[in-house]
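Chain by chain, the residues:
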Amino acid sequence: MKGCKNINESVSSFLKSKIVAKRLTYKDIVVSLNERGVKCTESSFTTKLNRGTFSAAFFVECLNLLECESADINEIIKNSK
């Protein structure tokens, strides 16, 4: 399970870095997600992000919202080791 935890942390860190780069708050993200039909609260979003426990669909929706054109999976995995 240790490997999963590290990957979860890496994916979460990747997403957090994209949010910071766009200068958005978690509240901004939650409002936009809700507008797109992805129901969540600021608290649930923060929990998901801090734990790194969210679905691939949620991850892709966040990347789409952040206008992130790519996510280098090899880089994310490398950072998990």
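Keep in mind the model is a prediction, meaning the values are calculated, not measured.

**Brief notes about the overall build of the protein chain**
Alright, step 1. Within the protein chain, the secondary structure is distributed over five helices and zero strands.
Alright, step 2. Helices and strands appear in the protein chain in the N-to-C order α-α-α-α-α.
Alright, step 3. Expected size for 81 residues packed as a compact globule is a radius of gyration near 12 Å; at 12 Å, the protein chain falls within 12% of this value.
Alright, step 4. Taken along its principal axes, the extent of the C-alpha atoms in the protein chain is 35 × 25 × 20 Å.
Alright, step 5. Taken over 81 residues, the protein chain has a buried fraction of 28%.
Alright, step 6. Carbon and sulfur atoms form 52% of the exposed surface of the protein chain, whose accessible area is close to 5500 Å².

**Details of the packing of helix α2 (residues 26-35) against helix α4 (residues 56-65)**
The angle between the axes and the distance between the axes are what describe a pair of packed helices.
Alright, step 1. At a minimum axis separation of 11 Å, α2 and α4 run at an interaxial angle of 105 degrees. Here α2 lies roughly perpendicular to α4, going by the angle between them. Listed contacts from α4 to Ile-29, Ser-32 and Leu-33 of α2 are Phe-58, Glu-61, Cys-62 and Leu-65.
Alright, step 2. Across the contact of α2 with α4, the residue classes break down as five nonpolar, one polar and one charged.

**A word on the pattern of salt bridges**
Alright, step 1. For the coordinates displayed, the defined rule picks out two salt bridges.
Alright, step 2. Glu-61 is the salt-bridge partner of Arg-36, the closest N and O atoms lying 3.3 Å from each other. With Arg-36 in the loop between α2 and α3 (42-51) and Glu-61 in helix α4, this residue pair connects regions lying 25 residues apart in the sequence.

Calculation criteria
Position labels on residues start from 1 in each chain and follow its written sequence. Given that this is a predicted model, residues contribute local features only at a pLDDT of at least 70 and side-chain atom pairs are listed and counted only at 80 or more, while totals for whole chains, interfaces and linings are drawn from all residues. As a rule here, side-chain values cover all heavy atoms of the structure and leave hydrogens and water aside. Put simply, DSSP H or I for four residues or longer makes a helix, DSSP E for two residues or longer makes a strand, and each gets a number counted from the N terminus. To get the radius of gyration, use the C-alpha atoms; to get the globule rule, take the number of residues to the power 0.38 and multiply by 2.2 Å. Only protein chains enter the accessibility calculation, which uses a 1.4 Å probe; a residue is then buried when its area is under 20% of its type maximum, exposed when over 50%, and partly exposed in between. We get accessible surface area from the Shrake-Rupley algorithm with a probe of 1.4 Å; when it comes to residues, only the shown protein chains can shield them. Inter-axis angles, ranging from 0 to 180 degrees, are taken between N-to-C directions of lines fitted to C-alpha atoms, where helices are fitted over the stretch in contact. Roughly parallel covers angles under 35 degrees, roughly antiparallel covers those over 145, roughly perpendicular covers 65 to 115, and oblique covers all other angles. Pairs of residues are marked as contacts when any of their non-hydrogen atoms sit within 4.5 Å. Residue polarity follows a fixed list, in which Ala, Val, Leu, Ile, Met, Phe, Trp, Tyr, Cys and Pro are nonpolar, Asp, Glu, Lys and Arg are charged, and the others, Gly among them, are polar. Think of a salt bridge as a Lys or Arg side-chain nitrogen and an Asp or Glu carboxyl oxygen that are within 4 Å of each other.

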